[in-house]
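One letter stands for each residue in the lines below.
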Amino acid sequence: MARVLSLGEAVAELVHDGDTVALEGFTHLIPVAAGHEIIRQGRRNLTLVRMTPDIVYDQLIGAGCASKLIFSWGGNPGVGSLHRFRDAVQHSWPVPLEIEEHSHAGMANRYVAGASGLPFAVLRGYTGTDLPAQTDTIKPITCPFTGEQLTAVPALNPDVTIVHAQRADRAGNVQLWGIAGVQKEAVLAAKRSLVTVEEVVDELEPRPGALVLPSWAVTAVAEVPHGAAPSYAAGYYERDNAAYQAWDEIGRDREEFAKWLNDLTGVKA
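What you see is a predicted model, and the numbers here were worked out from it, not measured in a lab.

Quick notes on the overall build of the protein chain
- For the protein chain, the helix and strand inventory stands at nine helices and 13 strands.
- Seen along its three principal axes, the alpha-carbon backbone of the protein chain occupies a region of about 55 × 50 × 30 Å.
- The 269 residues of the protein chain split such that 52% are buried.
- Here the contacts in the protein chain between residues at least 6 apart in sequence split such that 73% fall between residues at least 24 apart.
- Surface exposure of the protein chain reaches about 11900 Å², of which carbon and sulfur atoms provide 52%.

See the structure below:
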């Protein structure tokens, strides 16, 4: 059964230096507050995993938390580049960042394989691209039935997956709705999992199209209102577009970023 903890307690217990950490959520329900807590607690040498790393990953990278990024697309959605990510790749600032790039389909299939207890996934999507030449974890494989040349990618099994959702009950069952992305698969593939939620309620009310993560699949739940901001949480609040625009100026300049980091952590960068 999942335990209900504070965000600080959950991150301290579940996220360790050197871990492979996935913070998943697509367009909304992005676990931003959890990412900020990882920064505050000073985690280092993390392998960060995410299908679409956006500004919270830019912040984690700029804070020196990450040594590697496994991803399929990276950017400040609707605005432009991730400048802390770019600085780390191009100039090793604040630390060098190794990258492992996949397609969206490749990442999704890797999570599915991890959740299914399989060692790898097979797909057609890399045919005709140059990604296999750039990424060691993309390998050709021949179908034993048809002889067709396909591509294999290894399963993703993060040490810890963190997602955000709308509600959990006191037993740790989690309910989320809206665009689900790969949250379910990422949680089921992980050794440990943390779900931050807008609220903990006595009972989850049935909702059309809602996805439920059962308590047995979740290690810990933390009640964190507005824990996805500036992304949105369907049914709770809208996307803060101005915050994404403002991040472009902050992330673009090392000194501005250092001021932001100081405000977040209370420690001079």
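So much for the structure itself; the text now carries on.
Some details on the packing of helix H2 (residues 32-40) against helix H9 (residues 254-265)
- Taken N-terminus to C-terminus, the directions of H2 and H9 make an angle of 90°; their axes are 10 Å apart at the nearest point. One finds that H2 runs roughly perpendicular with respect to H9. In this structure, H2 uses His36, Ile39 and Arg40 to contact H9, whose residues at the interface are Trp260, Leu261, Leu264 and Thr265.
- Here the residues of the contact of H2 with H9 are counted per class, giving four nonpolar, two polar and one charged.

Some points on the sheet that holds strand S8 (residues 149-154)
- Strands sit in the order S6-S8-S7 across an open sheet of three strands; the sheet is antiparallel. Across the chains shown, the open sheet's two edge strands, defined by having one partner strand only, are strand S6 (120-123) and strand S7 (139-142). When the angles between neighbouring strand axes are averaged without regard to direction, this sheet yields 40°.
- When S7 meets S8, the two strands line up antiparallel, connected through four bridges. Opposite Lys139, over in S8, you have Ala152 as the bridge partner.
- Against the sheet, helix H5 (residues 104-116) engages S6 and S8, with an angle of about 140° to S6.

Here's the deal with the pairing of strand S11 (residues 192-201)
- Most of S11 is tucked away, with nine of its 10 residues classed as buried.
- One ladder, built from nine bridges, connects strand S9 (residues 160-169) with S11; its direction is parallel. Each bridged residue has a counterpart across the sheet, and for Ala168 the counterpart in S11 is Val200.
- Alignment of S11 against strand S13 (residues 220-223), held across four bridges, turns out to be parallel. By the bridge assignment, Val197 is partnered in S13 with Glu223.

Points about the packing of helix H8 (residues 241-252) against H9
- Where H8 meets H9, the axes come as close as 5 Å, and the angle between the chain directions of the two elements is 110°. Put simply, H8 runs roughly perpendicular to H9. Touching Trp247, Glu249, Ile250 and Arg252 of H8 are Arg254, Glu256, Phe257 and Trp260, all from H9.

A look at the packing of aromatic side chains
- Throughout the structure, instances matching the rule amount to five aromatic pairs.
- Aromatic pair Phe257 and Trp260: ring centres 5.7 Å apart, planes at 25°, arrangement stacked. Taken together, the residues span about one helical turn, with Phe257 and Trp260 both in helix H9 at a distance of three residues.
- Assessed through its relative accessible area of 1%, Phe257 is described here as buried.
- An aromatic cluster is defined as three or more aromatic residues linked by ring pairs; in this entry it consists of Trp247, Phe257 and Trp260.
- Positioned above the aromatic ring of Tyr57, the side-chain terminus of Arg50 is 5.9 Å from the ring centre.
- It is Arg84 that lies over the ring of Phe257; its NZ or CZ is 6.0 Å from the centre.

Describing the pattern of salt bridges
- In the structure shown here, the tally under the stated rule is 16 salt bridges.
- Of the charged contacts, one joins Arg40 and Glu37 as a salt bridge, the two residues approaching to 3.2 Å between their closest N and O atoms. Separated by three residues within a single helix, Arg40 and Glu37 lie in helix H2, roughly one turn from each other.
- The class of Glu37 is buried, set by a relative accessible area of 13%.
- In the salt-bridge network here, residues are joined through shared partners; they are Lys68, Glu98, Glu100 and Arg110.

Here's the deal with unusual backbone geometry
- In this structure, Pro94 follows Trp93 across a cis peptide bond, with omega equal to 0°.
- Tracing the backbone through its elements, the reader meets Pro94 in the loop between helix H4 (83-91) and strand S5 (98-101).
- Of the consecutive residues Ala229 and Pro230, the connecting peptide bond is found in the cis state with omega at 15°.
- Within the secondary structure, Pro230 is located in the loop between S13 and H8.
- Phi angles above zero are rare outside glycine, and Thr27 is one such case at about 65°.
- By the secondary structure assignment, Thr27 is in the loop between strand S2 (20-23) and H2.
- One non-glycine residue, His226, adopts positive backbone phi at about 60°.
- Summarising the element assignment, His226 is placed in the loop between S13 and H8.

Cut-off values and rules
- Residues numbered from 1 in each chain as written.
- Predicted model: local features only at pLDDT ≥ 70, side-chain atom pairs only at ≥ 80, totals over all residues.
- Heavy atoms only, no water.
- Helix = DSSP H or I, 4+ residues; strand = E, 2+ residues; numbered from the N terminus.
- Buried < 20%, exposed > 50% of the residue type's maximum accessible area, 1.4 Å probe, protein only.
- Contact = heavy atoms within 4.5 Å.
- Areas by Shrake-Rupley, 256 points an atom, 1.4 Å probe, with all protein chains shown as cover.
- Axes fitted to C-alpha atoms, helices over the stretch in contact; angles between N-to-C directions.
- Parallel < 35°, antiparallel > 145°, perpendicular 65-115°, else oblique.
- Nonpolar A, V, L, I, M, F, W, Y, C, P; charged D, E, K, R; others polar.
- Pairing = 2+ DSSP bridges.
- Phe/Tyr/Trp six-rings, centres within 6.5 Å; stacked < 30°, edge-to-face > 60°.
- Lys NZ or Arg CZ within 6 Å of the ring centre and 35° of its normal.
- Salt bridge = Lys/Arg side-chain N within 4 Å of Asp/Glu carboxyl O.

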